[in-house]
Amino acid sequence: MKTYLIEKYGDQSAVRAAETPDPQVGADDVLVRIHAASVNPLDLKLRDGAFKAILPYRLPLILGNDFAGEVVQAGPAVTRFTVGDEVYARPDKDRIGTFAELIAVHQDDVALKPAGLTMEEAASLPLVALASWQALVDRAQVRPGQKVLIHAGAGGFGTIAVQLAKELGAYVATTASTAKVDLVKGLGADVVVDYTKQAFETVLDGYDVVVDTLGGETLAKSLQVLKPGGKVIGIAGPPDAAFARELGANVFLRLAMSALSFRTRLRAKRRHVTYSFLFMKANGDQLRDLTMLVDAGKIRPVVDRVFPFDQTREAMEYVEKGRAKAGKVVIAMT
């Protein structure tokens, strides 16, 4: 099958097209012919080797972390899907590789594609929609009336997280550039801070939850807008010891991750708030819950641009250079 992979960690020059054997299909797997996949910042970090200490992949590594497509084979233990089903998923972190014509995925990680979406629209959702759910529902346990700040509301994650937070009944603030203010308001944001004109930490206060997608100074300043008891959930890092334990990392790696987030956690403690790092997980059940919201019109995908499969490298470069105006960049196989 045709794929895009890396044989060594590096910059964009490390990504190349290659022919690889078709996937092996386990008893609980479905084999999916991929129609579309999306490009996520995670793909760039994996290419660069940013996570090689905590996600030690064997190279060569086919890139790509979510997809939409059609089931072409089902393992003997599969009960949820049959050949011909249109599905979408974020594969488990140990089984990524959606920049390819085929992928074998455990049935527990897959959901039927929302009926009203194209393959390209559906492919834009799994990773960011699951990350939004796990941040807002699982980790923050957002309740109606709570105040939630989601950074970069026009980004791939932000466009979905803003909509989900509103569906949960939250009062939602976000940050965006001038050109994107109307877009994020249309997605349901109650307050939009134009970061080209204002510093969000000077105009927002008393928030219950902040979901940070940027890290660095934005994360540090986010602590200032929380009320006592509030939570900041970091998607961009730094990782913490709890994440290391989830991975089953050894004691040295747990200590290293704890050290990386020590300053942030100390600052949070002084303000009587908490910080935690979220690395989203594959979850077909949650994806089915999200599908119901999509089918009901509560969440809609935002797709910036669709590239053909033979321009996968260009699609990654487009994302890396920040050219996307809003939402996700998608790769179409056909």
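Data block above holds the structure.
Now for a description of the structure that goes with this document. These numbers were taken from a predicted model, which means no experiment stands behind them.

### Brief notes about the overall build of the protein chain
Right, on to step 1. When helices and strands are tallied, the protein chain shows twelve helices and 16 strands.
Right, on to step 2. The C-alpha atoms of the protein chain give a radius of gyration of 19 Å, which matches the 20 Å a tight globule of 334 residues would have.
Right, on to step 3. Oriented by its inertia axes, the alpha-carbon framework of the protein chain measures out at about 55 × 45 × 40 Å.
Right, on to step 4. Here the protein chain holds 334 residues, and the buried ones make up 54% of them.
Right, on to step 5. For the protein chain, restricting intrachain contacts to residue pairs at least 6 apart in sequence, the fraction spanning at least 24 positions comes to 69%.
Right, on to step 6. Carbon and sulfur atoms form 51% of the exposed surface of the protein chain, whose accessible area is close to 14,500 Å².
Right, on to step 7. Here the protein chain contributes 41 positive and 39 negative side-chain charges, whose respective centroids are spaced 8 Å apart.

### Focus: the pairing of strand β1 (residues 2-6)
Right, on to step 1. By the criterion of burial, β1 is predominantly enclosed, with four of the five residues buried.
Right, on to step 2. Of the pairings in the sheet, the one linking β1 to strand β2 (residues 15-19) comprises five bridges and is antiparallel in character. Within the sheet, the bridge partner assigned to Tyr 4 lies in β2 and is Ala 17.
Right, on to step 3. By the bridge criterion, two bridges tie β1 to strand β4 (residues 61-62) in an arrangement that is antiparallel. Looking at β4, one finds that Ile 6 is bridged to Leu 61.

### What to know about the packing of helix α3 (residues 126-139) against helix α4 (residues 156-167)
Right, on to step 1. Orientation of α3 relative to α4, taken along the N-to-C sense of each, is 50°, at an axis distance of 9 Å. The angle between α3 and α4 falls in the class oblique. Where α3 crosses over α4, the handedness of that crossing is right-handed. Mapping the contact onto sequence places Val 128, Ala 129, Ala 131, Ser 132, Trp 133 and Leu 136 in α3 and Gly 156, Phe 157, Ile 160, Ala 161, Leu 164 and Ala 165 in α4.
Right, on to step 2. Class assignment of the residues belonging to the contact of α3 with α4 gives a composition of ten nonpolar, two polar and no charged.

### Some points on the sheet that holds strand β10 (residues 171-176)
Right, on to step 1. Overall, parallel pairing links the six strands, which are arranged β11-β10-β9-β12-β13-β14 in an open sheet. Strand pairing shows two members of the sheet lacking a second neighbour, β11 (191-194) and β14 (274-277), which therefore form its edges. Mean inter-strand twist for the sheet, computed between neighbouring axes without regard to direction, equals 15°.
Right, on to step 2. Where β10 meets β11, four bridges bridge the pair, whose relative direction is parallel. Looking at the pairing, Ala 176 lines up with Asp 194 of β11.
Right, on to step 3. In the packing of α3 onto the sheet, the strands contacted are β9 (147-150), β12 (207-212), β13 (226-234) and β14, and the crossing angle to β13 comes to about 150°.

### Focus: the pattern of salt bridges
Right, on to step 1. With the rule as written, the count across this model stands at 14 salt bridges.
Right, on to step 2. For Arg 47, the salt bridge goes to Asp 48, with nearest N and O atoms at 2.8 Å.
Right, on to step 3. You can call Arg 47 buried: its relative accessible area is 1%.
Right, on to step 4. The salt bridge partner of Arg 47 is Glu 320, with a shortest N-O separation of 2.7 Å. Residue Arg 47 is located in helix α1 (residues 41-48), and its partner Glu 320 is located in helix α12 (residues 312-320); the two are separated by 273 residues in the primary sequence.
Right, on to step 5. Here the residues in one salt-bridge network are Arg 80, Asp 108, Asp 285 and Arg 288, joined through shared partners.

Basis of the calculations
- Residues numbered from 1 in each chain as written.
- Predicted model: local features only at pLDDT ≥ 70, side-chain atom pairs only at ≥ 80, totals over all residues.
- Heavy atoms only, no water.
- Helix = DSSP H or I, 4+ residues; strand = E, 2+ residues; numbered from the N terminus.
- Rg over C-alpha atoms; globule rule 2.2 N^0.38 Å.
- Buried < 20%, exposed > 50% of the residue type's maximum accessible area, 1.4 Å probe, protein only.
- Contact = heavy atoms within 4.5 Å.
- Areas by Shrake-Rupley, 256 points an atom, 1.4 Å probe, with all protein chains shown as cover.
- Lys, Arg positive; Asp, Glu negative; His and termini not counted.
- Charge placed at Lys NZ, Arg CZ, Asp CG, Glu CD.
- Pairing = 2+ DSSP bridges.
- Axes fitted to C-alpha atoms, helices over the stretch in contact; angles between N-to-C directions.
- Parallel < 35°, antiparallel > 145°, perpendicular 65-115°, else oblique.
- Left-handed = near helix turned anticlockwise from the far one by under 90°.
- Nonpolar A, V, L, I, M, F, W, Y, C, P; charged D, E, K, R; others polar.
- Salt bridge = Lys/Arg side-chain N within 4 Å of Asp/Glu carboxyl O.

By themselves, these figures tell us nothing about what the structure is for.
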